[in-house]
Each structure stands twice: as C-alpha cells, then as structure tokens.
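Residue-level structural notes
One-letter residues, chain by chain:
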Amino acid sequence: MNASKLRTSLLIFLLLSSLLLSLTGCSTESAGTLVSKTHSITENFTHISVECSECHVSILPSSDGSVSVVCKEREKYPHMVYVAKGSLVVEEPSRTELMNILALGGEHTEVTVYVPAELTENYSLTLESASGNITVDKAFSFREGELETASGDVTCSASFTEELSVETASGKVLIDGESYGEIEVDNASGDMCLSKLHCKELTAESASGDLTLEEVLADREIHGETASGKISLYRCDAGSFELETASGNIEGSVCNPMRFITETGSGRVNVPNTDGNPCRLTTASGNIHVEIDP
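Residues numbered from 1 in each chain as written. Predicted model: local features only at pLDDT ≥ 70, side-chain atom pairs only at ≥ 80, totals over all residues. Heavy atoms only, no water.

Helix and strand counts for the protein chain stand at 1 helix and 24 strands. When each of the 294 residues of the protein chain is scored for burial, the buried share is 44%. (Helix = DSSP H or I, 4+ residues; strand = E, 2+ residues; numbered from the N terminus. Buried < 20%, exposed > 50% of the residue type's maximum accessible area, 1.4 Å probe, protein only.)

Moving on, we come to the nonpolar core. Counting residues in each nonpolar core, the largest one holds 61 residues, and the members touching the most others are Val-136, Ile-175, Leu-194 and Phe-241. Here the element with the most residues in this core is strand S19 (residues 231-245); it accounts for 6 residues. Ile-175 has contacts with Cys-156, Leu-164, Val-166, Tyr-180, Ile-183, Val-185, Cys-193, Leu-194, Ser-195 and Leu-197, leaving out every residue within four places of it along the chain. (Core = buried A, V, L, I, M, F, W, Y, C linked by side-chain atoms within 4.5 Å. Contact = heavy atoms within 4.5 Å.)

Moving on to the state of the cysteines. This structure, assessed with the given rule, holds 1 disulfide. There is a disulfide in this structure between Cys-52 and Cys-55, and the S-S distance comes to 1.6 Å. Handedness of the Cys-52-Cys-55 disulfide follows from its S-S torsion of about -80°: it is left-handed. Each member of the pair, Cys-52 together with Cys-55, is buried. Looking at Cys-71, it has no disulfide partner, and the nearest cysteine sulfur is the one in Cys-55, 8.2 Å off. Of all cysteine sulfurs, the one in Cys-236 lies closest to Cys-255, which takes part in no disulfide; the gap is 6.9 Å. Look at Cys-255 and you get buried, because its relative accessible area is 12%. (Disulfide = S-S within 2.5 Å.)

Inspection of every chain in the model, using the stated rule, returns 8 salt bridges. Here Glu-182 ties to Arg-220 by a salt bridge, and the two come within 2.8 Å at their closest N and O atoms. You can see Glu-182 sitting in strand S15 (residues 180-187) and its partner Arg-220 sitting in strand S18 (residues 211-226), a full 38 residues away along the chain. Using a relative accessible area of 34% as the deciding quantity, one classes Glu-182 as partly exposed. The closest approach of N and O atoms between Glu-251 and Lys-230, which form a salt bridge, is 3.9 Å. On the criterion of sequence distance, the pair formed by Glu-251 in strand S20 (residues 250-254) and Lys-230 in the loop between S18 and S19 is long-range, its members being 21 residues apart. (Salt bridge = Lys/Arg side-chain N within 4 Å of Asp/Glu carboxyl O.)

By secondary structure assignment, the location of Ser-58 is in strand S3 (residues 56-61). Ignoring anything within four residues of it in the chain, the contact list for Ser-58 reads Val-111, Thr-112, Val-113 and Thr-135.

Remark: a regular strand shows side chains that alternate across the two faces of the sheet. As defined by bridge partners, strand S13 (residues 159-168) adjoins S15 across 7 bridges and the pair is classed as parallel. Note that in S15 the partner of Leu-164 across the bridge is Ile-183. (Pairing = 2+ DSSP bridges.)

Here Thr-42 lies in the loop between strand S1 (34-41) and strand S2 (47-52). By relative accessible area, which is 72% here, Thr-42 ends up exposed. For the pair Thr-42 and Ser-66, spaced 24 residues apart in sequence, the C-alpha separation works out to 8.2 Å.

To continue, consider the packing of aromatic side chains. With the rule as written, the count across this model stands at 4 aromatic pairs. Seen in terms of ring centroids, Phe-45 and Tyr-123 are 5.3 Å apart; in terms of plane orientation they differ by 50°. Their pairing is tilted. Highlighted residues: Phe-45 in the loop between S1 and S2 and Tyr-123 in the loop between strand S7 (110-115) and strand S8 (124-129), separated in sequence by 78 residues. Of the two residues examined, Phe-45 and Tyr-123, each falls in the buried class. (Phe/Tyr/Trp six-rings, centres within 6.5 Å; stacked < 30°, edge-to-face > 60°.)

What follows is about a negative patch on the surface. On the surface, a cluster of negative charge is contributed by Glu-163, Glu-184, Asp-186, Glu-205, Glu-225, Glu-244 and Glu-263. Look at Glu-244 and you get partly exposed, because its relative accessible area is 34%. (Patch = residues over 30% accessible without salt bridge, like charges linked within 9 Å, V, L, I, M, F, W, Y side chains within 5 Å. Areas by Shrake-Rupley, 256 points an atom, 1.4 Å probe, with all protein chains shown as cover. Lys, Arg positive; Asp, Glu negative; His and termini not counted. Charge placed at Lys NZ, Arg CZ, Asp CG, Glu CD.)

And the structure:
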C-alpha cells in the first residue's frame, strides 16, 4: 500500500471510529466553534499541497493578483499554513488521539487557496481530504495534479499539461477542463463524468459507478473499466478504445468509423460494420450499442 492510500485508509478509520464512539455515548473534548482566518502568502512556490481530514478544498483565482489561503476551521484545531522548499503547504495538526476523534464530526471545515491564474502554468497540485469535496476552478492551467478524497466529490475544470490523477472511494468525479496530458481516474463506487476535453491518454476505472464520456478526444487510448456500472460515450474519439464492464451496458457514439471488436456473454450487440482504429468493447452480461456520430 503506498503512502497516499495509507493516509486515506487511516482517515476513513478515524471517521468510522468517530461514528462508533457517538453511537456508544462516549464523550470527547469540544473542538470549538468554526472561525475564519486568512493567511497572506508572499513567498514563491510552484507546488500547492493541502492535506486534511474533513475539509472542503477549493483552488480559486484571486481577483487582485495576490496569493492567500482562507481557512474556515475549528477554533481548537487551526490549520498550519506555510511555504517550504518551493511548496505552499496547508495541513491540520494531528488529531488521532482516540478520545478526540469526535472533533471530526459536524459541519465541514474549508480551505480555499486563492492564486493568480496566470502564474500556475508550471505549478503542481496535491490535494487530499477524507470526507470533503475538492474543487479546482476552470481559470487555471497546471503542470500536473493529484486529487484524492475518500467520500467527497471531485470537480476539476482546470487544464493539466502533463498528468492528472484522481482517486476517490465513493464520491462523484467531474472533469471538464479543456486540455490534458495523461488522465487517470480511480473510483470505487461513485459515478464519473469526463466532458469536453482533449487528452493524450485516459484511464478510468470504477467498481460500481457509471462512467460517462462526453466529447472526449484522446490522441492515444481511452481505457474504461467498471464492474457493474454502465459506460456511456457521446461523440468521443481516440487512437483506440478499450472499454470493459462486467454487468453494465456500453452505449453511445464515436466520431469516426472504427474497427469494432465486441464480446458479450448474454447481451445484445449493435455496432456498425466499419474499419478504422480499434474499438474493443467487452461486457459479461450487458448490451453493446454504439453508433457513429461525426
């Protein structure tokens, strides 16, 4: 298990432990009221790192050219905000003591990073939250990003010139930026929707959620895989497609004629008899219905 997944597993454990303690009537120290604090940043950096358990995380463009971090936080558990080794870091103090776990409950805290959009072309992002949502505004173009949450939603409208990695256990994922390098999305049970983007290569996997691709163009391969969720395509194009689901349907349209290679155990198949780049569609028990929509 890598360090990122280990941290997420620990945070999920803490949240479940909090619920158990509340059900059994255990009392803990109050975390205090929610307060808002603004941190002005003057140091240079090329990396933004936010790591927290319950907070919603947002990256938004600043209106005055300055850089700031606004934390809506528990009075007794303030976030630490600092710049070190070229990285703007926002993190929580340790709250892993068993009798203080209930401090995680209640209304979500918030971390909002305001940065000028014109400065971020060479920036990288590392954003992690256990139960909070992650939002990255469409005004930005970053070099690369890693977005991770256990039960929160991820909404990313920025562009990334190199790699974007998104990982969530049960939250929804929406990616609708304009251009990307390589994209990798790993979602256990939430739905995924990728819309109107151009990437070099895309890999999206989910156990039980649906995968929806709307006007996605990939220079190389689009690889999509679900266990029980359906896969929907709307006017997509790629050097090749590799789409597979165990019990869901595969349906929709591609932009150009392709060489359709289909496999299904008990479902119906309806695809054009054309030639072109390979489009491999596999389902164990679902139906396959794909058209050409130039």
